[in-house]
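Coordinate inspection notes
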Amino acid sequence: MEKKMNESGSFSVLNTVKFSDLNLKDFVLVLHYALRFVRNFLKHMVREMESANWDIEAFVNAIQPCVIFSNGNHKAFMYESFVCREILSGFNDPVFSIEQILPGEKHHRRIFFFEEFKRLKSANLMHFVKQNPDSLLGKFLRSKYLQFVHPKMEFSFSRNLNQRKMVNFGEFPGTEFFKMFAEIGRRIWLLHCLAFSFDNEVRIFQVKQSAKFSEVYMESVVEDIFTMDFRVIILYFETPTRLFWSTSFFRHKPMLF
């Protein structure tokens, strides 16, 4: 687990983020820091599926039916789309809709979220949530685990629902699968805290299915896309497409299939 975390980026890269000098480069840094671990988790999840004799093709079709891949390796982006869609749901709410909005003046709220960012960026994650199960991070991890991991998925991986029972009772399992999921949650929570530390709001949104492809805001994994004989439409996106800050925007790289 420690090796996987190191491969996906050291916590030390976050030490350059300062409240007095926040900018979009900081947000992009933390975004990429989070997404690197999402990809590590996906590799682990797919191995678990293969060990449990899942029909991977059926899983892909369940995420988004009727997608024709020009390259079989592009299916990995479908898994990433699924994870990002679930884990980022509710991102624009200050507390991910896990409880009522935090009261208080905006500047105080900014300070609260940045202090949360500083406190959690290098904390021992499992020790922290076990000692603080009713913290915002603890509630976030429980909510997202129960939303993301279907009971049938958990049972196929471990042949029981013990982890789900523990999470329902406010506990945090020590299995590798849960630890990896929790680390994704921590990194997304850090990104969320940073977003609400800005003076101007940083928000995400997803382009709707069937929208036209735009080379201004999007990047295709298919070469020579404009030489094709049919109208290009968007089936789904891997990650947030645009992150708005005041009147500026950061162009990320959603994937077209």
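Every value quoted in this text rests on a predicted model; they were computed, and no experiment measured them. (Residues numbered from 1 in each chain as written. Predicted model: local features only at pLDDT ≥ 70, side-chain atom pairs only at ≥ 80, totals over all residues. Heavy atoms only, no water.)

**Observations regarding the overall build of the chain**
- When helices and strands are tallied, the chain shows 10 helices and three strands.
- Mapped in sequence order, the helices and strands of the chain form the string α-α-α-α-α-α-α-α-α-α-β-β-β.
- Classification of the 257 residues of the chain by burial places 50% in the buried group.
- In the chain, once contacts between residues fewer than 6 apart in sequence are set aside, the share between residues at least 24 apart is 69%.
- Summing over all exposed atoms, the chain offers an accessible surface of approximately 13,200 Å²; the carbon and sulfur share of this is 51%. (Helix = DSSP H or I, 4+ residues; strand = E, 2+ residues; numbered from the N terminus. Buried < 20%, exposed > 50% of the residue type's maximum accessible area, 1.4 Å probe, protein only. Contact = heavy atoms within 4.5 Å. Areas by Shrake-Rupley, 256 points an atom, 1.4 Å probe, with all protein chains shown as cover.)

**Observations concerning helix 2 (residues 24-51)**
- If you check helix 2, its first and last C-alpha atoms are 41 Å apart, about what 28 residues at 1.5 Å a residue would give, namely 40 Å.
- Among the residues of helix 2, the N-terminal cap falls to Asn-23, whose side-chain oxygen and the backbone nitrogen of Lys-25 are separated by 2.8 Å. (Expected span 1.5 Å × (residues − 1). Polar contact = N/O pair within 3.5 Å; in protein donor to acceptor, adjacent residues only side chain to side chain.)

**Some points on the environment of Leu-22**
- Position of Leu-22 among the secondary structure elements: in the loop between helix 1 (2-7) and helix 2.
- Each C-alpha atom, one on Leu-22 and one on Ser-197, is 8.2 Å from the other, the two residues being 175 residues apart in sequence.

**Details of unusual backbone geometry**
- Its identity as a non-glycine residue notwithstanding, Asn-53 has a phi of 60°, on the positive side.
- Along the chain, the position of Asn-53 falls in the loop between helix 2 and helix 3 (56-63).
- Positive phi, close to 65°, is recorded for Arg-159, a residue that is not glycine.
- Assignment of secondary structure puts Arg-159 in the loop between helix 8 (151-158) and helix 9 (162-168).

**Regarding the packing of aromatic side chains**
- Per the counting criterion, the structure on display carries 21 aromatic pairs.
- Seen from their ring centres, Phe-172 and Phe-178 are 6.2 Å apart, and the 50° between their planes marks the pair as tilted.
- Every member of this aromatic cluster is reached through a ring pair, and the members are Phe-41, Trp-54, Phe-59, Phe-82, Tyr-145, Phe-148, Phe-157, Phe-172, Phe-177, Phe-178 and Phe-181.
- One residue, Arg-187, lies across the ring of Tyr-33, its end atom 4.0 Å from the ring centre. (Phe/Tyr/Trp six-rings, centres within 6.5 Å; stacked < 30°, edge-to-face > 60°. Lys NZ or Arg CZ within 6 Å of the ring centre and 35° of its normal.)

**Notes on the environment of Glu-57**
- Position of Glu-57 among the secondary structure elements: in helix 3.
- Expressed as a C-alpha distance, the spacing of Glu-57 and Lys-75, which sit 18 residues apart in the sequence, is 9.2 Å.

**Here we look at the nonpolar core**
- Phe-27, Met-45, Phe-117, Leu-137 and Leu-194 are the most contacted members of the largest nonpolar core, which has 68 residues in total.
- Looking at this core element by element, the count peaks at 14 residues for helix 2.
- Not counting chain neighbours up to four residues away, the residues in contact with Leu-194 comprise Val-17, Leu-22, Asp-26, Phe-27, Val-30, Phe-114 and Phe-117. (Core = buried A, V, L, I, M, F, W, Y, C linked by side-chain atoms within 4.5 Å.)

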